[in-house]
Amino acid sequence: MNIDTRCVHAGWEPEDGGPRQIPIYQNTTWYFDSTEHMAKLFDLEEAGYFYTRLANPTNDAVAARIAALEGGVAAVLTSSGQAASFFSIFNICSEGDHLVTSSALYGGTYNLFAITLPKMGIEVSFVDPDATGEQLREAIRPNTKCVFAETVSNPALNVLDIEKFATLAHDAGVPLIVDNTFPTPVNCRPFEWGADIVIHSTTKYLDGHGTVVGGAIVDSGNFDWDAHAEAFPGLTTPDDSYHGVTYTERFGKGAYITKIVAQLMRDLGSIPSPNNSFILGVNIESLPLRMAKHVDNAQKIAEWLEKRDGVAIVRYPGLPSDPYHALAKKYLDADGGCGVIAFDLKGSAEQATTFLDALKVISIATHVADARSCVLHPASSTHRQLTDEQLVSAGVTPTLIRLSVGIEDADDLIADLDQALSSVL
Ligand SMILES: *Cc1c(COP(=O)(O)O)cnc(C)c1O
């Protein structure tokens, strides 16, 4: 079925006389008649529920919905997008291992990779997303266990050449993990281009209403762990903490996600509340309608900004002038991909903040990908500790503005931008 139908129906098949909507299983534990029944669940011999940290029917239904949208075989929800990034890597990397990542990353992911993973003995190499295949290959080491990148990066809006990165990973015998948060499966399905694992910050468009922080990890089931068994012993050799289960042998294409649930969720937690998953599941129903409106509005506004006096550079993959327009045409269903625009004002950093303060409909927020339009001036907020020189090397100019276009009326948003620009320039 098409994605609009999957957004509404996937993950939950009501029984005769059963609840039509995914119900909220707001319980921590399950009841058992016999110790034997429970023991089978603990040995992973039988599928079933016993404790919400490991699995919960509401969480599972919403995870299955996201797996269906991406075209994956299995998925797990996490308490945040950060937890999804971390678990997707920690499931196959441990002390002494290495990963290669595109340098065009969300700030939180950058910190995780540059500071926290090295503390755990996992080395990370950052590569230019636009590097040649040859330059990328030089970053691979014998202990490399995965390649990571964002399909449309936050906030730089670089569109990933997914096939190039997938080839790099597969030639090295490792999976490509991509963060598909910005385009969502409505506008990009990375598995169709060779990515092996997709992660999401569901906090963004999948929720889309600024209500619940969450994440998801989806496995395509395509990466052959057994063909590279020596590199991935956690999946291909017996797990002593689960009575000698070998995940690939017992769970086949479900091995990677089962290991996250059985091992990482058991030991590290980070599950979402079933209540939050319920809200996420409901909000996903309207994802295709919202994404179409986000992209339409952003395209209109990007085109208007490009012509407006006082605006220096506009970055939006849907603009023919954008350096990533060709990649957007190839990989994204709607060229813009999402509702996020980056632009530079002519003038000073002070004028940029005055402009933000003058906005009335569009609000100042450290959030993106929401029904409500919001705006951020990185130089005076997320990057305010940096000098002008450091800002430039981080790709953040003093007058850069990140605008997340919502689902309001585009003309109302343009009128708001226009009056705020007129007040400073
Ligand atoms: C927000 C974001 C994250 C982190 O997600 P949280 O839900 O805030 O933990 C990861 N990747 C991208 C691309 C994001 O935009």
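Calculation notes
For every chain, the first residue of the written sequence is number 1, and numbering continues from 1 onward in sequence order. Only residues with pLDDT of at least 70 are given local features in this predicted model, and only at 80 or more are side-chain atom pairs given and counted; all residues enter the totals for whole chains, interfaces and linings. Side-chain figures throughout are based on the complete set of non-hydrogen atoms in the structure, without hydrogens or water. Put simply, DSSP marks the helices as runs of H or I at least four residues long and the strands as runs of E at least two long, and each gets a number from the N terminus on. Restricting the calculation to C-alpha atoms gives the radius of gyration, and the globule rule supplies 2.2 Å times the number of residues raised to the power 0.38. The rule is simple: take the accessible area with a 1.4 Å probe, protein chains only, and divide by the maximum for that residue type; under 20% is buried, over 50% is exposed, in between is partly exposed. The contact definition used throughout considers only heavy atoms, calling two residues in contact when any of these lie within 4.5 Å. Using a 1.4 Å probe, the Shrake-Rupley method yields the accessible areas, and only the shown protein chains count as cover for residues. Note that His is not counted, nor are the chain ends; the positive residues are Lys and Arg, and the negative ones are Asp and Glu. Positions of charges follow a simple convention, taking NZ of Lys, CZ of Arg, CG of Asp or CD of Glu. Note on terminology: pairs of cysteine sulfur atoms within 2.5 Å are recorded as disulfides. We call a residue near a molecule or strand whenever a single non-hydrogen atom of that residue lies within 4 Å of it. Pairs of N or O atoms within 3.5 Å make up the polar contacts considered here, provided that, within protein, one atom can donate a hydrogen while the other can accept it, and that residues adjacent in sequence are counted only when both atoms are side-chain atoms. When residues are sorted by character, Ala, Val, Leu, Ile, Met, Phe, Trp, Tyr, Cys and Pro go into the nonpolar class, Asp, Glu, Lys and Arg into the charged class, and all the rest, Gly among them, into the polar class. Helix axes are fitted only over the stretch in contact, all axes being lines through C-alpha atoms; the angle between N-to-C directions runs from 0 to 180 degrees. We call two directions roughly parallel when the angle between them is under 35 degrees, roughly antiparallel when it is over 145, roughly perpendicular when it lies between 65 and 115, and oblique otherwise. Crossing handedness is read from the near helix: turned anticlockwise from the far helix by less than a right angle, it gives a left-handed crossing, and turned clockwise, a right-handed one.

Helix and strand counts for the protein chain stand at 17 helices and 12 strands. Taking 2.2 N^0.38 as the reference for a compact globule, 425 residues should give roughly 22 Å; the C-alpha atoms of the protein chain span a radius of gyration of 22 Å, in line with that estimate. Across its three principal axes, the protein chain shows a C-alpha extent of roughly 75 × 55 × 40 Å. Counting only residues that meet the buried cut, the protein chain has 53% of its 425 residues in that class. Sequence-distant contacts, at least 24 apart, represent 71% of the contacts inside the protein chain between residues at least 6 apart. Surface exposure of the protein chain reaches about 17,600 Å², of which carbon and sulfur atoms provide 52%. Counting 29 positive and 54 negative side-chain charges, the protein chain places the averaged centre of each group 3 Å from the other.

Once that is clear, we can look at the state of the cysteines. The tally for this structure, following the rule as stated, stands at zero disulfides. Not engaged in a disulfide, the cysteine Cys-7 finds its nearest cysteine sulfur in Cys-188; these two sulfurs lie 15 Å apart.

The next subject is the site of the ligand. Every one of the 14 residues lining the ligand counts as a neighbour, but Gly-81, Asp-179, Ser-201, Thr-203 and Lys-204 are closest to it. Here an oxygen atom of the ligand and a side-chain polar atom of Asn-154 are 2.9 Å apart. Taking Asp-179, its side chain carries an N or O atom lying 2.6 Å from a nitrogen atom of the ligand. For the ligand, the accessible surface in isolation is 380 Å², of which the surrounding protein chains cover 92%. For the shell around the ligand, the per-class residue count stands at three nonpolar, eight polar and three charged.

With that settled, consider the packing of helix H15 (residues 349-358) against helix H17 (residues 410-424). Two elements in contact, H15 and H17, have axes whose closest approach is 8 Å; the angle formed by their N-to-C orientations is 140°. Taken as axis vectors, H15 and H17 run oblique relative to one another. The handedness of the crossing between H15 and H17 comes out as right-handed. For the pair H15 and H17, the contacting residues are Gln-351, Thr-354, Phe-355 and Ala-358 in the first and Leu-417, Gln-419, Ala-420, Leu-421, Ser-423 and Val-424 in the second. Grouping the amino acids of the contact of H15 with H17 by side-chain chemistry returns six nonpolar, four polar and no charged.

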